[in-house]
There are 2 protein chains.
Amino acid sequence: MRDVARHAGVSVATVSRVMSGASNVAEATQSRVQSAVDALDFVPSPAARAINSGRTYMIGALVPTLDHAIFSRFLDALELTLADHGFSLVVATTNDDPEREAQRALDLLNLGVEGFVVSGITRSATFEALIKRHKTPVIATSYFDPNSETPTIGYDNGTAARQALHHLVDMGHSDILVLSGPTWNNDRTKARLDALTGCTQARLTVREIPVTVAAAADHVATIPAHITALLCLSDVLAQGALHGLRRCGLEVPEDISVIGIDDLPSSHSLWPPLSSVHLPVRRMGACAGETLAQWIETGERAAPINLETRLEPRASVRRITPA
Amino acid sequence: MRDVARHAGVSVATVSRVMSGASNVAEATQSRVQSAVDALDFVPSPAARAINSGRTYMIGALVPTLDHAIFSRFLDALELTLADHGFSLVVATTNDDPEREAQRALDLLNLGVEGFVVSGITRSATFEALIKRHKTPVIATSYFDPNSETPTIGYDNGTAARQALHHLVDMGHSDILVLSGPTWNNDRTKARLDALTGCTQARLTVREIPVTVAAAADHVATIPAHITALLCLSDVLAQGALHGLRRCGLEVPEDISVIGIDDLPSSHSLWPPLSSVHLPVRRMGACAGETLAQWIETGERAAPINLETRLEPRASVRRITPA
DNA sequence: ATGAAAGCGCTAACAT
DNA sequence: ATGTTAGCGCTTTCAT
């Protein structure tokens, strides 16, 4: 910047003014500086800028993985909203491992992120301490809990699971196999499962398997005969189940009914179209972005937001008359 | 930091040493400083750090959208690799709009990213100028062109399209409808289409529609009768076609064959399992991350890499005897 | 309208 | 092993 100043025959202060588009600079000087900038190919240093303003305009997002439609869809909406507010999105994946999450959070903090969007409400102690220290705003998503210490913007996972279950029960099913992803370190899944147990209207068998199409497809080969319906805690699982069932020669919904949770965009074009509980992840991304931006600009802690989930009954569940 | 130094009765230099984990600090002093740090809840400033080191350890990724499995899968692998090299990933979406891409690139540059990963090889003039100025390393992906000015790490889109076409031809099809996404500002799609035209072994009809399941499903209702096969330039389109065809009462592959390009993880569990051309996007993400990290650390411009695509014949294409 | 100068919070010589 | 000090590249009073 000194070079530019010299080249333009002005002071660094003036160059700084021009660079930040200040109003009180003479037209003539302005263009003289601009010429110098162009001539020297001057590019300002973000770090130096940040050190003075104290701002970086970066938000960190910590998600289990990017390789799952539910999270990437969420992030897409989040990024769009954040960009509207002048923020950029730094993403880091945690694989649902709290220690790794804390590690990545530290990395992002060292980059200078001004706020975090995280998944679920389970944090490692390290993470908590980090946040307390830096006083960084954090918003937890994919979960709603008005009493959580960090504000949550999400849906009630228990309700979502119950919506799926009740649909099955309404349709006359009482012998239900629940296909769940790992509950280990996954409070979203745990909340869904917890809401199911204690249900007295049906006999539930729970199986915990990896959240992959392949795992679900393989698993359904071992379904007990009395089962009439499959409640999959995520659409990926349901999609795998559909595939596996077909491989076994079973028809959905004639031989067995299947319902999922997520309502991925692709689910309604499966065969048969998958009944599912819709999770408003795009809305969640937009809300989280909006709210976090607000929090950072105003300093006022965000309020939790509960987004409604919605049953999408389609063809993969059929009505049966209890035996 | 001054405060910490005072509190610990040492100089700022010593605090700095402790903070950066230097070796030459006495045990005693070290813990004294640590206490002061804890007592004062001191957190170092990333900006100040960056201004001295001249490094930010941030990489920017510019992709059309996060809400498409092909890109999020790619980014997942990229993020993982980058993290291994100590870099963090800043993502921005461009919606395939060169102007928006340039705008977002500027934003990221102002954040301080040390390198870019972009999609395709079409850049706006603004973008080119920006890069020249900042001398930022850029790697173009999802495209292979050894002669491109910016190094490409990707696959040959033309080859991928031809692999799909040849499979159809090999199976006896000669009346083929090509379902393509918008070519406007999308050099990947354009390259696929270009490779197809000039093919003399089949009669090709090309239709350009939005890349959504719904658009494809709707479109297939208007297929000319003589068509025996659908070549979809992406799996999303193929998935929509499968759905739409079923709605029309047509059987795949009995009445009509369908092939896609992408080979998304979900494609082989569709019904019928979708024949597709596999695009190695995870490998591409890992390669791009590795290569860009290398480039930044060593200063040596990256070399282009061509990743092989691979035909995955499955059940959605059947052999026919030409009429 | 412009310039001089004092920082911002840290690192890296250099000195002790 | 520790302290002193000179910056890093910019912004921002405060003068003029």
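Let us look at the structure shown here. (Residues numbered from 1 in each chain as written. Chains lettered and ligands numbered in written order. Predicted model: local features only at pLDDT ≥ 70, side-chain atom pairs only at ≥ 80, totals over all residues. Heavy atoms only, no water.)

So, the sheet that holds strand β7 (residues 203–208) of chain B
Residues and elements named next belong to chain B.
Inference 1: Strand order in the open sheet formed by six strands is β7-β6-β8-β9-β10-β12, with mixed pairing between adjacent strands. Single-partner strands in this sheet number two, and they are β7 and β12 (310–312). Between one strand and the next, the sheet's axes are offset by a mean angle of 20°, whatever the strand orientation.
Inference 2: Together, β6 (175–180), β8 (229–232), β9 (257–262) and β10 (275–278) form the strand contacts of helix α11 (residues 235–247), whose direction differs from that of β9 by roughly 155°. (Pairing = 2+ DSSP bridges. Helix = DSSP H or I, 4+ residues; strand = E, 2+ residues; numbered from the N terminus. Axes fitted to C-alpha atoms, helices over the stretch in contact; angles between N-to-C directions. Contact = heavy atoms within 4.5 Å.)

Focus on the pairing of β7 of chain B
Residue and element names in this part refer to chain B.
Inference 1: Pairing of β6 with β7, which is carried by six bridges, proceeds in the parallel orientation. When the sheet's bridge partners are listed, I176 is paired in β7 with L204.
Inference 2: With helix α9 (residues 187–196) bridging β6 and the parallel β7, this β-α-β connection has right-handed handedness. (Right-handed = clockwise from strand over helix to strand, strands pointing away.)

Some points on the protein's contact with DNA strand C
Inference 1: Around DNA strand C, the surrounding shell holds 25 residues, and the nearest of these are T14, R17, A26 and T29 of chain A together with S16 of chain B.
Inference 2: For DNA strand C, the fraction of protein-proximal atoms (within 4 Å) that sit in sugar or phosphate groups is 64%.
Inference 3: T29 of chain A places a polar side-chain atom, nitrogen or oxygen, 2.3 Å from a phosphate oxygen of DNA strand C.
Inference 4: The side chain of R49 of chain B places a nitrogen or oxygen atom 3.4 Å from a phosphate oxygen of DNA strand C.
Inference 5: Those elements that provide at least two residues to the surface near DNA strand C are α2 (12–19) and α4 (46–53) of chain A together with α2 (12–19) and α4 (46–53) of chain B.
Inference 6: With four residues, the single largest contributor to the surface near DNA strand C is α4 of chain B.
Inference 7: Its residues assigned to classes, the surface near DNA strand C shows 12 nonpolar, nine polar and four charged. (Near = heavy atom within 4 Å. Polar contact = N/O pair within 3.5 Å; in protein donor to acceptor, adjacent residues only side chain to side chain. Nonpolar A, V, L, I, M, F, W, Y, C, P; charged D, E, K, R; others polar.)

Describing the nonpolar core
Inference 1: Core analysis: the largest hydrophobic core is formed by 101 residues, its most contacted members being L75, L78 and L231 of chain A together with L75, L78 and L231 of chain B.
Inference 2: No other element matches helix α12 (residues 281–298) of chain A, which puts eight residues into this core.
Inference 3: Ignoring any residue separated from it by four or fewer positions in sequence, one finds L75 of chain A in contact with A61, V63, L66, L89 and V91 of chain A together with L66 of chain B.
Inference 4: Counting 40 residues, the second largest nonpolar core, distinct from the first, contains L177, L242 and L274 of chain A together with L177 of chain B. (Core = buried A, V, L, I, M, F, W, Y, C linked by side-chain atoms within 4.5 Å. Buried < 20%, exposed > 50% of the residue type's maximum accessible area, 1.4 Å probe, protein only.)

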